Amino acid sequence: MLSVAAVVTTQVPTLTSAFSTTPPTAQRVITSYSTHTHHVIDNRRRSRPVSSSTTSLGQTFNAEAMVELEDIISDLMEVNNKESSSTSNTLLSSSLGRSTPSPISMEEATLAHGMPWDTTFGRTDETNPLLYMSFWDWQLNFMQESLTNLHPIECATENDIDVSYKENKDKRARIVNHCYASDEYRKIRMTYYDAGDSVQVFNSVWYPDAKYNLPVLGIDLLSFNRKRYLAIVDFQPLHQDEDDHATPYEHILQPIKDKYDNLKGRMSSKFYDETQFFSKEMLFARFEDGKVVDEDLFPAFKSYVKTHLDLVKNTSPSSDPQDVQFVFDRQMAYDTYSADRDPAAGLFAAMFGKQWAEDFIYDFLFSLSERSEEGLNFAPPGPPGQRGDSRGGPPQGGPPPAAHAAKKQKKVLTGNGMPLP
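Residues numbered from 1 in each chain as written. Predicted model: local features only at pLDDT ≥ 70, side-chain atom pairs only at ≥ 80, totals over all residues. Heavy atoms only, no water.

> Quick question: what am I supposed to make of helix 11 (residues 345–352) here?
Each α-helix turn comprises 3.6 residues. Residues three or four places apart therefore point the same way. Buried residues of helix 11: Ala345, Phe348, Ala349, Met351 and Phe352, and no others. Those residues of helix 11 that are buried are in contact with strand 4 (165–168), strand 5 (173–181), strand 6 (185–194) and helix 12 (354–365). Gly353 occupies a position one or two residues after helix 11 and carries a positive phi of about 100 degrees. (Buried < 20%, exposed > 50% of the residue type's maximum accessible area, 1.4 Å probe, protein only. Helix = DSSP H or I, 4+ residues; strand = E, 2+ residues; numbered from the N terminus. Contact = heavy atoms within 4.5 Å.)

Put into structure tokens, the structure is as follows:
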């Protein structure tokens, strides 16, 4: 038992005095130990009868202290067992890029701001004005049924502005944002923008934990005046070389995409370079017939979401810190590239104000992105080859410079609420 006691005394240094020629009283031992173990010792143990004895080392030993030491060892083993059961959660919360868990429950989070809505905030002539709410509902139910340790997370901004909900009563538009994490994903954000028949938007991005060297799942569904529709669903590769990060997954996406001729379009280069952070198996569509939403887009969306989770669950996580850091850096590059080119920046600024729009884009939509000193550029970006250098972000979606990465990494919160070193 003395060998166990030696381990205990390294954690509770004051206990070494229990073996001295003039030992402390049992009360002193209990008080000292309670400081370190949050008072786990039962007070009734103080009344146990004791007698004195002599150790084999020739030192006078207080038997009362010995009894208390035995209880301390027992209690410490119990505490350690409890701590061991939460090891996975501790490791989870300390992973790169993870935000502080929210104090609210999953039920409270899913119902925040009246979600899911059943009536529109804007004007409508439609029987189903909230066009993409079924996508929101299905995804949230799927997450709750399929993800491990799913929980809401804090998505605070640098300026302490609440971006979880915003509305413009005069223009009859509103936006709601939810944020979650699980063992598999360090962040899953969900956005719904409702302005009646004029605009309906569902947007979501799933970031795998950085221990998985996998693409990001990106979803962007838009409707304008119920006459023009735009849809993007993609496994967005993080690496510049498609052979490294996109090609290996094309064979699992191609059979899904082949089913839907309406989703095989090509994106414009007006805002993005499709060779940066987009795969060849991206679902992309511009259409005018609203029937495509239910008949093609909804089933294809569900298949891509399920397939992405299957991919994560069937991928072995890396335990090499350098590998994890590399993936995290590429997620930072993805966020910076996307924040710099977000085509909705002007809309958000016009509806909810420039300061809110900047915080929303930098700290919620793309929370690993670096804020440029000039602030967000609300003018439409130029061609892909001409943007990036003047905005403080990495041009052409390249990796962030060392100073950029170090500054941004300190901004990210870990599960204990402390900045990463």
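Now that the structure has been shown, we can carry on.
> Teacher, can you tell me more about the packing of helix 6 (residues 133–146) against helix 9 (residues 291–313) here?
For any two helices packed against each other, the geometry is given by the interaxial angle and the distance between the axes. Running from N to C, helix 6 and helix 9 cross one another at 25 degrees; their axes reach a closest spacing of 11 Å. Here helix 9 runs roughly parallel to helix 6, going by the angle between their axes. Handedness of the crossing formed by helix 6 with helix 9: right-handed. Facing helix 6, whose interface residues are Ser134, Phe135, Trp138, Gln139, Phe142 and Ser146, helix 9 presents Val293, Leu297, Phe298, Phe301, Lys302, Val305, Lys306, Leu309 and Lys313. For the contact of helix 6 with helix 9, the residue count by class is 9 nonpolar, 3 polar and 3 charged. (Axes fitted to C-alpha atoms, helices over the stretch in contact; angles between N-to-C directions. Parallel < 35°, antiparallel > 145°, perpendicular 65-115°, else oblique. Left-handed = near helix turned anticlockwise from the far one by under 90°. Nonpolar A, V, L, I, M, F, W, Y, C, P; charged D, E, K, R; others polar.)

> Any chance you could explain the confidence of the model for the protein here in plain terms?
Caution applies to low-pLDDT parts of the model: their predicted coordinates are not meant to be read in detail. When pLDDT is averaged across the protein, the result is 76; 65% of the residues are at 70 or more. Scored below 50 in pLDDT, residues 84–93 makes 8 contacts in the model with residues more than four places away or belonging to other chains. The low-confidence segment residues 381–421 (pLDDT under 50) makes 104 contacts with residues lying over four places distant or belonging to another chain. (pLDDT = per-residue confidence, 0-100.)

> Where do I start with unusual backbone geometry in this structure?
Excluding glycine, residues mostly carry a negative phi; peptide bonds, for their part, are mostly trans. Between Met115 and the following residue, Pro116, the backbone shows a cis peptide bond with an omega angle of -5 degrees. With a phi close to 55 degrees, Arg172 is a non-glycine residue in the positive phi region. Here Arg172 is to be found in the loop between strand 4 and strand 5. A relative accessible area of 31% means that Arg172 is categorised as partly exposed. With a phi angle near 60 degrees, Asn225 is a residue other than glycine that sits in the positive phi range. Turning to its location among the elements, Asn225 is positioned in the loop between strand 8 (216–224) and strand 9 (228–236).

> For this particular structure, what's the right way to read the pattern of salt bridges?
Opposite charge on two side chains lets them pair, provided their charged atoms get close. One pass over the full model with this rule turns up 9 salt bridges. Ionic pairing is found between Glu158 and Arg371, a salt bridge with its closest N-O pair at 3.2 Å. Of this pair, Glu158 sits in the loop between strand 3 (151–152) and strand 4 while Arg371 sits in the loop between helix 12 and helix 13 (402–411); the two residues are 213 residues apart in sequence, bridging distant segments of the chain. The class of Arg371 is buried, set by a relative accessible area of 18%. Ionic pairing is found between Arg371 and Asp359, a salt bridge with its closest N-O pair at 2.7 Å. Of this pair, Arg371 sits in the loop between helix 12 and helix 13 while Asp359 sits in helix 12; the two residues are 12 residues apart in sequence, bridging distant segments of the chain. Taking the relative accessible area as the measure of exposure, Asp359 reaches 0% and is therefore buried. In this structure, a network of salt bridges that share partners links the residues Glu158, Asp359, Asp363 and Arg371. (Salt bridge = Lys/Arg side-chain N within 4 Å of Asp/Glu carboxyl O.)

> Got a minute to help me understand the nonpolar core in this structure?
One recurring pattern in soluble globular proteins is that nonpolar side chains are buried together. By size, the foremost hydrophobic cluster in this structure holds 52 residues, and its most contacted members are Tyr132, Tyr192, Phe202 and Trp206. Take this core: its biggest share by element is 11 residues, from helix 9. If you look at the next biggest cluster of nonpolar residues, it comprises 40 residues, including Ala181, Tyr207, Ala210 and Leu238. (Core = buried A, V, L, I, M, F, W, Y, C linked by side-chain atoms within 4.5 Å.)

> Would you mind going over the side chain of Ser102 with me for this structure?
Relative to the assigned elements, Ser102 resides in the loop between helix 4 (87–93) and helix 5 (106–110). Contact partners of Ser102, with chain neighbours within four places excluded, come to Pro152, Ile153 and Glu154.

> Got a minute to help me understand the environment of His178 in this structure?
Summarising the element assignment, His178 is placed in strand 5. Each C-alpha atom of the pair His178 and Arg189 lies 5.8 Å from the other, and the pair is 11 residues apart in sequence. What His178 contacts, discounting residues up to four positions off in sequence, is Ala109, Thr110, Ala112, Met115, Trp136, Ile188, Arg189, Met190 and Phe364. A polar atom in the side chain of His178 sits 3.0 Å from the side chain of Tyr180. (Polar contact = N/O pair within 3.5 Å; in protein donor to acceptor, adjacent residues only side chain to side chain.)

> Help me understand the packing of aromatic side chains in this model?
Between two aromatic rings, the relevant description is the distance of the centres plus the angle of the planes. Counted according to the given criterion, the structure contains 19 aromatic pairs. Measuring from ring centre to ring centre gives 5.1 Å for Tyr185 and Trp206, while their planes differ by 80 degrees; the resulting arrangement is edge-to-face. Of the two residues, Tyr185 is situated in strand 6 and Trp206 in strand 7 (residues 199–208); the sequence distance between them amounts to 21 residues. With a relative accessible area of 0%, Tyr185 lands in the buried category. Judged by relative accessible area, Trp206 falls into the buried class, the value being 0%. Pairwise contacts between aromatic rings join Tyr132, Phe135, Trp136, Trp138, Phe142, Phe202, Phe298 and Phe301 into one cluster. Cation over ring: Arg174 sits above Trp117, and NZ or CZ is 3.6 Å from the ring centre. Above the face of the Phe366 ring, Arg189 is positioned so that its terminal group lies 5.0 Å from the ring centre. (Phe/Tyr/Trp six-rings, centres within 6.5 Å; stacked < 30°, edge-to-face > 60°. Lys NZ or Arg CZ within 6 Å of the ring centre and 35° of its normal.)

> What am I meant to see in the side chain of Ser146 here?
Relative to the elements of secondary structure, Ser146 occurs in helix 6. Among the residues examined, Ser146 registers a relative accessible area of 19% and is labelled buried. Setting aside anything within four residues of it in sequence, one finds Ser146 in contact with Leu309 and Lys313.

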